[in-house]
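Observations on chain architecture
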Amino acid sequence: MCHEEAPSEAPYRSLHMFGSRFVVEEKIYSGMDAGIWRGYERDTFRKVIIKQAAGLDRQVGKEIGFLSRLSHQNIIEIIEYDHSRSQFLVVPFAAGGDLISVVEQGRICEAFAKKTVFCILRALSYIHGLGIVHNDIKPDNIFITDNCYRGDNVVLGDFGMACDVNRGGYCQSPFGTQVYMPPERLCGVLPCSSAFSK
C-alpha cells in the first residue's frame, strides 16, 4: 500500500514546490554522492525514482544538466527536477530493474542481448552526435523499463559523470567505474584511441 507521508529521513520537504506532485515511499540507496528514493506521482500513480545530491556533490546537478537537454527513446526520461541548492531529479521507475540484476537472474538470451546492445548503441550514437560522452557505461546504468525482457525497452541512465566535449568538458581524469573502463583510460592515454583494440 502507498504511504501518504514521506519517511522522516527523506529530505524532500522541497517537493511542495511542485504542488506536492510526488509522494516518497522508501529510501533505496544512500551514498556519498546521492540519496535515492522510490515513490509515485500523486495524480497518476506513476512510479518514479527520486534522486537528490548529498552535500556538495555535483553529480546530480550534472545529470540534471544533461538529461534536461536530451530526448531519445533509449535514454531515461527526466520527469521533474530542481536545479537550485537542493538539487534533485525525478525519473521513471524501471520495473524491469537494471541490466546487472537481469544478468544475475539468468534472464539473458541471445535475442535479448542483441536488442539490448542495439538500443545502447543507438543511445550512444545520439549523445555522441551532440558531443556528449557518458563516461560510465556499465550494466548498473542500463535499465529495463518494464517487466517484458524483449530487449527494445532498454534505456541508458546516470549521466552524473558525463561531459560535453563541445563545451571544453573533455575529462582529463579517469572518471567512471574502473572495472568497466577501457585500458587506455586507466593507462592515462588521452584522448582515448583505438590502440588497445588492435
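The structure displayed is predicted, hence computed values, not measured ones. (Residues numbered from 1 in each chain as written. Predicted model: local features only at pLDDT ≥ 70, side-chain atom pairs only at ≥ 80, totals over all residues. Heavy atoms only, no water.)

**Here we look at the sheet that holds strand 5 (residues 88-92)**
- Taken together, 5 strands build an open sheet; the order of strands is 1-2-3-5-4 and the sheet is antiparallel. Two strands lie at the open edges of the sheet, namely strand 1 (22-30) and strand 4 (80-82), each paired on one side alone. If you compare each strand with its neighbour and ignore which way they point, the axes differ by 25 degrees on average.
- Bridge count between strand 3 (residues 47-53) and strand 5: 5 bridges; the pairing is antiparallel. Following the sheet pairing, Val48 is matched in strand 5 by Pro92. (Pairing = 2+ DSSP bridges. Helix = DSSP H or I, 4+ residues; strand = E, 2+ residues; numbered from the N terminus. Axes fitted to C-alpha atoms, helices over the stretch in contact; angles between N-to-C directions.)

**Concerning the nonpolar core**
- Leu67, Ile75, Ile127, Leu156 and Phe159 are the most contacted members of the largest nonpolar core, which totals 30 residues.
- Secondary structure elements with two or more residues in this core: strand 2 (34-41), strand 3, helix 1 (59-67), strand 5, helix 2 (99-104), helix 3 (110-129), strand 7 (142-144) and strand 8 (154-156).
- Looking at this core, the element that brings in the most residues is helix 3, giving 6 residues.
- Not counting chain neighbours up to four residues away, the residues in contact with Phe159 comprise Lys62, Glu63, Phe66, Leu67, Leu70, Ile75, Ile127 and His134.
- Residues Phe22, Val48, Ile50 and Ile79 belong to the second largest nonpolar core, which totals 7 residues. (Core = buried A, V, L, I, M, F, W, Y, C linked by side-chain atoms within 4.5 Å. Buried < 20%, exposed > 50% of the residue type's maximum accessible area, 1.4 Å probe, protein only. Contact = heavy atoms within 4.5 Å.)

**Digging into helix 3**
- For helix 3, built from 20 residues, the straight-helix expectation of 28 Å at 1.5 Å per residue is met to within 8% by its first-to-last C-alpha distance of 28 Å.
- Buried residues of helix 3: Phe112, Thr116, Cys119, Ile120, Ala123, Leu124 and Ile127, and no others. Seen along its axis, helix 3 keeps its buried residues to an arc of 135 degrees; they face one direction. Opposite the packed face of helix 3, turned more than 90 degrees from it, sit the exposed residues Glu110, Lys114, Leu121, Ser125 and Gly129. (Expected span 1.5 Å × (residues − 1). Arc of directions from axis to C-beta.)

**Brief notes about the pattern of salt bridges**
- Per the counting criterion, the structure on display carries 9 salt bridges.
- In this structure, the salt-bridge partner of Arg38 is Glu25, at a minimum N-O distance of 3.1 Å. One end of the pair, Arg38, is in strand 2; the other, Glu25, is in strand 1, with 13 residues separating them in the sequence.
- The class of Glu25 is buried, set by a relative accessible area of 13%.
- In this structure, Lys114 engages Glu110 in a salt bridge whose closest nitrogen and oxygen atoms are separated by 3.2 Å. Of the two residues, Lys114 and Glu110 are both situated in helix 3; the distance of 4 residues between them amounts to about one turn of the helix.
- Among the residues examined, Lys114 registers a relative accessible area of 56% and is labelled exposed.
- With relative accessibility at 56%, the residue Glu110 sits in the exposed group.
- Among the ionic contacts, a cluster of salt bridges with common partners joins Arg21, Glu41 and Glu80. (Salt bridge = Lys/Arg side-chain N within 4 Å of Asp/Glu carboxyl O.)

**Topic: the confidence of the model for the chain**
- Mean pLDDT over the chain works out to 79, with 75% of the residues at or above the 70 mark.
- Counted against residues more than four places away or in other chains, residues 1-19, with its pLDDT under 50, gives 40 contacts.
- Considering only residues more than four positions removed or in separate chains, one finds that residues 194-198, a stretch of pLDDT under 50, has 4 contacts. (pLDDT = per-residue confidence, 0-100.)

**What about the pairing of strand 5?**
- In terms of residue burial, strand 5 counts as a mostly covered element, since 5 of its 5 residues are buried.
- Here 3 bridges tie strand 4 to strand 5, and the two strands are oriented antiparallel to one another. Across the sheet, residue Glu80 finds its bridge partner in strand 5, namely Val90.

**Observations regarding unusual backbone geometry**
- The backbone phi angle of Phe45 is positive, close to 65 degrees, even though this residue is not glycine.
- Within the fold, Phe45 resides in the loop between strand 2 and strand 3.
- Within the chain, Asp158 stands out as a residue other than glycine whose phi angle is a positive 60 degrees.
- By the secondary structure assignment, Asp158 is in the loop between strand 8 and strand 9 (163-164).

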